[in-house]
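Architecture and fold: a report
One letter stands for each residue in the lines below.
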Amino acid sequence: MKVSIIIPVYHVEKYIVRCLDSVTQQSFKGEIECILVDDCGTDKSIEIAEQYIHDHSGQDVQFRLIHQTHNQGQAAARNAGIKASTGDYIFFLDSDDAITPNCIAILADLMGKYPQADFAQGNLLDSDGNISHYGFKSPIKEYISNTDELEETILSKVVTSACNRLMKRSMFHHDDMFFPIGMIHEDMYWVYFLSKHVKSAAFTPVGTYVYYINDNSTMTSIKKTVRIKRYTSRLRAADAYIYDLRNNTYTNHWRHQYLALNLLSCLTELIPLHSAKHWTHFGASIIRIGFTNIRELNCAWLLFGIILLPPFGFISGGEKIRWRIQKYIISKL
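This text gives an overview of the structure that appears in the document. (Residues numbered from 1 in each chain as written. Predicted model: local features only at pLDDT ≥ 70, side-chain atom pairs only at ≥ 80, totals over all residues. Heavy atoms only, no water.)

This part covers the overall build of the protein chain. Helix and strand counts for the protein chain come out as 13 helices and 9 strands. Since a compact globule built from 333 residues should have a radius of gyration of about 20 Å, the 20 Å found for the protein chain is in line with a globular shape. Considering the protein chain as a whole, with its 333 residues, one finds that 55% of them fall into the buried category. Long-range pairs, those at least 24 residues apart, make up 79% of the contacts in the protein chain between residues at least 6 apart in sequence. For the protein chain, the accessible surface area stands at approximately 15,600 Å², while carbon and sulfur atoms represent 54% of it. Put simply, the protein chain has 34 plus and 34 minus side-chain charges, and the middle of one group is 8 Å from the middle of the other. (Helix = DSSP H or I, 4+ residues; strand = E, 2+ residues; numbered from the N terminus. Rg over C-alpha atoms; globule rule 2.2 N^0.38 Å. Buried < 20%, exposed > 50% of the residue type's maximum accessible area, 1.4 Å probe, protein only. Contact = heavy atoms within 4.5 Å. Areas by Shrake-Rupley, 256 points an atom, 1.4 Å probe, with all protein chains shown as cover. Lys, Arg positive; Asp, Glu negative; His and termini not counted. Charge placed at Lys NZ, Arg CZ, Asp CG, Glu CD.)

What follows is the structure in structure tokens.
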């Protein structure tokens, strides 16, 4: 078995050695190909990575370094890694995170136990080694092949990330399994389409991936420009979900919920902007979605649309309020 670990590299000079150490320390007895994709940052990340590769040449891990021509973002870097990979399985690792020493071995064993599975996924740890609050704490079946149960698990029970999944390379024969260029939250977009194509999957509650909070990342930044890109990226994703739902021959409950949660999360970005322009843009998008794309505009969808718009939207973005909307309204969509 050969595993291709794909790592986009951009402005992570503080973390890249920790990440690469976690790859070289794997207990997995198979073949590991580690593909680093240079996304053309301005710090010393690539210099450090090149020195690391030089120092570890001849060891078990086969390192490859791909240089992009210019900065294109994580999605493009991952796509380049996928196209260059030669493994039977693909695993995505962010360069400011790390994997546990037995990560690949545990997931590979699961794939061996359930050869029909399209991917195997482990749990998420925080920097203290505890199950992260992004991880799953409620029991999940070790192997799931039922379509509805699998979509529920992927879209609502486990973290919506491309990382920490050992995936059959054949999954990437589908065009929409590649990542959308120029979008923040591309993982959430990608997971939606993953849920369409996967036929079965295996899960373990064991932590295999260490997620570190990076205050300088696009996921945590509070800059106005980043907030705007985050909410507009979610609207772009919503259009893709809607197009898919309209072309389905059946109504999918979990994908409708995923669409709604995607729109609700826009409020956390819109509220701090204090911008009538962006609220108007968002409001127009909600109306368009509601009246031209949702097949059955029932009472739950009408209520949800009202909650998103001012003045209700100004308070619906609060964490406690959003949780209640998710529990009582979105569950009925």
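Enumeration over the complete set of coordinates arrives at 14 salt bridges. We note a salt bridge from Lys141 to Glu149, for which the minimum N-O separation is 3.4 Å. In this structure Glu149 comes out as partly exposed when scored by relative accessible area, which is 25%. Measuring nitrogen to oxygen at the nearest pair gives 2.9 Å for the salt bridge that ties Arg288 to Asp239. Taken as a pair, Arg288 in helix H10 (residues 276–292) and Asp239 in helix H7 (residues 224–246) lie far apart in primary sequence, 49 residues in all. The exposure class assigned to Arg288 is partly exposed, which follows from its relative accessible area of 34%. Taken together, the shared-partner salt bridges in this structure form one network comprising Lys2, Glu31, Glu33 and Arg64. (Salt bridge = Lys/Arg side-chain N within 4 Å of Asp/Glu carboxyl O.)

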